[in-house]
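In case you want the letters, here they are:
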Amino acid sequence: MANHKHCAVDLYILKATILLLLLLLQCIELTSAVEVSSTTQTGGRWELLLDNTGVVAMHMALTHHNTVVVFDQTSAGPSRYRLRRRYGGKRCTRSHSDLTDPDCYAHSVEYDISKNQVRALGLSSDTWCSSGSFLSNGTLLQTGGYRKGARRIRYFMPCKDHQCDWREAKATLSKDRWYASNQILPEHDRVIVVGGRRTFTYEFVPKMGKEKSFDLPFLHRTYDNHDGGNNLYPFLHLSSDGNLFIFANRDSVLFNYRQNKVVKTFPRIPGGGSRNYPSSGSSVILPLDHKNEFQKVEVMVCGGSAFGAYRAAQRGQFLKGLRSCGRMVITGNTHKWNMEYMPEPRLLHDMLILPTGNILIINGAKTGSAGWGNARNASLQPYLYKPKKQLNKRFSILKSTRIARMYHSSAIVIPDGRILVAGGNPHRNYTFRNVAYPTELRLQAYHPHYTERKHDDNRPRNVTIHYAHGNYGIKYGREFTVRFKLERRRSDVLEFSAYAPPFTTHSISMNQRLLKLKNKSIKRDTNSEWMNAVVEAPPSPNVAPAGYYLFTVVNGGIPSISQWIRFINS
């Protein structure tokens, strides 16, 4: 009898201990979440640049002439930038028909950063939910869109006099590409275009011979027919081994596009939801580093919508988005998603690589999904993510904006280190009254903390790049000289980075990548502020496809104003 009582007491103590441990673990988890969500970055500020860009920034891209191409869909009705003449030359009058004719309004503009002005550009086909990549000469290749624009190929080649405009190619895509993604390839000026609404194929621009499009069974398998697709705008990242990482819905593969063959199938990312449109999470390839010869390639995917969010939003129910982020190394032989959590749920956001190598998460919403009127609870606070920090110490919350940037908004990094933020329109047309989230035409800049004047003493200045042979470009693996001023003694961490500016739309920053380059030597001029560094270019177009990059000198976390540099094939 005593033994039974003793066992009962032991069992009671064991249960109490387990309960206490569970409560303790719950408290630890809660404390961790509070710690992450309450860590605030005090630096940084917001600046209103323009009250009216005229056109919603559904798409944005920075050119090497320091202008930004901004464009919307042509089927959104009249914009707020009225034209004197239609595309093609016919005059726009004050008649009622012309005042309501979308052809008498701009649907694309070019923003001049230095002048803080926009000028109208002409689009002759609908670019709604299209895709893009920069070619090696700085030309923006733009593909797909809606209806008559679904197979169109467009080019915008920026020019010094800012008189250039869009032109359309005679050649067309083989399939309709609406909500497709682009990636520039190591081969000279060749782009792969993947997916689209009910399009489970990929194709190349330009084509080789008589090729058309190629079936991609992975897109069939990841398509969610009952929830808007959830594999549209797939995340594409070029690995340094020359293969293509493709992420759609919750799954991902490493794809040899030359052989039309999946070479790796990665584990499914954990979490109770989807990551691609219309769930609209976002993704980056983390900075590539010369220290491991650019061989470690790690991708990161953050946010998205809960299962069923798209259908629920159409019924007026807005489900909480996903907080989770996953990181996975896609090179080597061991692959596992390492999960962590943002301070709050987020979707419809942009993920940008800053000159420091940190990641900025900006724009978006907390509930719902992508689509007309499908999201609520705007995410007004940007997050800063530091990849090299300890787990649960990587996220901090930045200064809040007052302007909601949700569906059809975008953001890009510009040469002086600011973040250009524009767009936002959850309506079919331009709608400004009697709605929760009106069409947004204001243009903002977010100034990260490193742009503050108190850091000027540590900021590298007057950066100039000297090519070994002329000013045409730098060949792979070759050395080039960088000259810059530095008032104080340089910090222990002086870095040189090259950043490929992306084409941004719908939470996707296509072709974005940052490389930390090798500094082979550095010396200061005698009794001078001038520094001279010898830097080595990336080893191959697999690491950095040919084209224009923003080159930045970063001294102890404080970046210089970036200068344009061009990597070229031999």
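Residues numbered from 1 in each chain as written. Predicted model: local features only at pLDDT ≥ 70, side-chain atom pairs only at ≥ 80, totals over all residues. Heavy atoms only, no water.

### Side note on the domain arrangement of the protein chain
Point 1. Parsing the protein chain into structural domains produces domain 1 (45-451) and domain 2 (454-568).
Point 2. The centre of domain 1, based on its C-alpha atoms, is set 26 Å off from the matching centre of domain 2.
Point 3. Facing 68 residues of domain 1, the contacting portion of domain 2 comprises 40 residues.
Point 4. Where domain 1 abuts domain 2, roughly 4,300 Å² becomes buried across the two surfaces, and 59% of that area is made up of carbon and sulfur atoms.
Point 5. Here domain 1 and domain 2 share 0 salt bridges between them.
Point 6. Inspection of the region where domain 1 meets domain 2 yields 20 residue pairs in polar contact (both at pLDDT 80 or more).
Point 7. Residues belonging to the side of domain 1 that touches domain 2 are distributed by class as follows: 34 nonpolar, 28 polar and 6 charged. (Domains from an automatic or database assignment. Contact = heavy atoms within 4.5 Å. Buried area = accessible area lost by both parts, 1.4 Å probe. Salt bridge = Lys/Arg side-chain N within 4 Å of Asp/Glu carboxyl O. Polar contact = N/O pair within 3.5 Å; in protein donor to acceptor, adjacent residues only side chain to side chain. Nonpolar A, V, L, I, M, F, W, Y, C, P; charged D, E, K, R; others polar.)

### A look at the layout of surface pockets
Point 1. Of the volumes computed, that of the largest pocket is approximately 600 Å³.
Point 2. Around the largest pocket, the lining comprises 23 residues; the ones closest to its centre are Gly357, Asn358, Pro387, Lys388 and Lys516.
Point 3. Class assignment for the residues of the lining of the largest pocket results in 6 nonpolar, 7 polar and 10 charged.
Point 4. Summarising the domain contributions, the lining of the largest pocket has at least three residues from each of domain 1 (45-451) and domain 2 (454-568). (1 Å grid on protein atoms, 1.4 Å probe; cavity = no way out; pocket = protein on both sides within 12 Å on 5 of 7 lines; lining within 4 Å. Points joined across faces, edges and corners; volume = space filled by probe spheres on them.)

### Some thoughts on the state of the cysteines
Point 1. Applying the stated rule across the entire model yields 3 disulfides.
Point 2. Listing the disulfide partners of the protein chain by sequence rank of the bonded cysteines yields 1-2, 3-4, 5-6. (Disulfide = S-S within 2.5 Å.)

### Focus on the sheet that holds strand β6 (residues 131-134)
Point 1. Ordered in space as β6-β7-β8-β9, the 4 strands form an open sheet in which the pairing is antiparallel. The sheet is open, and its two borders are formed by β6 and β9 (167-168), each paired with just one other strand. (Pairing = 2+ DSSP bridges. Helix = DSSP H or I, 4+ residues; strand = E, 2+ residues; numbered from the N terminus.)

### Regarding the pattern of salt bridges
Point 1. Under the defined criterion, the tally for this structure stands at 26 salt bridges.
Point 2. Across the salt bridge formed by Arg461 and Glu529, the nearest N and O atoms sit 3.2 Å from each other. With a gap of 68 residues between them, Arg461 in strand β34 (residues 461-466) and Glu529 in the loop between β40 (513-524) and β41 (530-536) connect regions that are remote in the sequence.
Point 3. Overall, Arg461 belongs to the partly exposed group, its relative accessible area being 26%.
Point 4. With a relative accessible area of 32%, Glu529 lands in the partly exposed category.
Point 5. Taken together, the shared-partner salt bridges in this structure form one network comprising Glu47, Asp416 and Arg418. (Buried < 20%, exposed > 50% of the residue type's maximum accessible area, 1.4 Å probe, protein only.)

### Here's the deal with the pairing of strand β14 (residues 235-238)
Point 1. Residues Phe235 and His237 line one face of β14 and the alternating positions Leu236 and Leu238 line the opposite face, and both faces are buried.
Point 2. Pairing geometry for β14 and strand β15 (residues 244-248), over 4 bridges, is antiparallel. Bridge pairing links Leu238 to Leu244 in β15.
Point 3. Linking two consecutive strands that pair antiparallel, namely β14 and β15, is a turn of 5 residues; a positive phi of about 90 degrees is found at Gly242 within it.

### Focus: empty space enclosed by the protein
Point 1. Under the definition given, this model contains 8 cavities of 30 Å³ or more.
Point 2. By volume, the largest cavity amounts to about 210 Å³.
Point 3. For the lining of the largest cavity, the elements supplying multiple residues, two or more each, are β6, β10 (181-184) and β42 (547-555).
Point 4. With 3 residues, the top contributor of residues to the lining of the largest cavity is β42.
Point 5. Here the lining of the largest cavity is built from residues that sort into 14 nonpolar, 7 polar and 1 charged.
Point 6. Both domain 1 (45-451) and domain 2 (454-568) contribute no fewer than three residues apiece to the lining of the largest cavity.
Point 7. Taken as a whole, the second largest cavity encloses approximately 70 Å³ of empty space.
Point 8. As for the second largest cavity, its lining consists of Ser181, Asn182, Pro234, Phe235, Leu236, His237, Ser283, Ile508, Ser509, Met510 and Asn511.
Point 9. Secondary-structure elements contributing two or more residues to the lining of the second largest cavity are β10, β14 and β39 (508-510).

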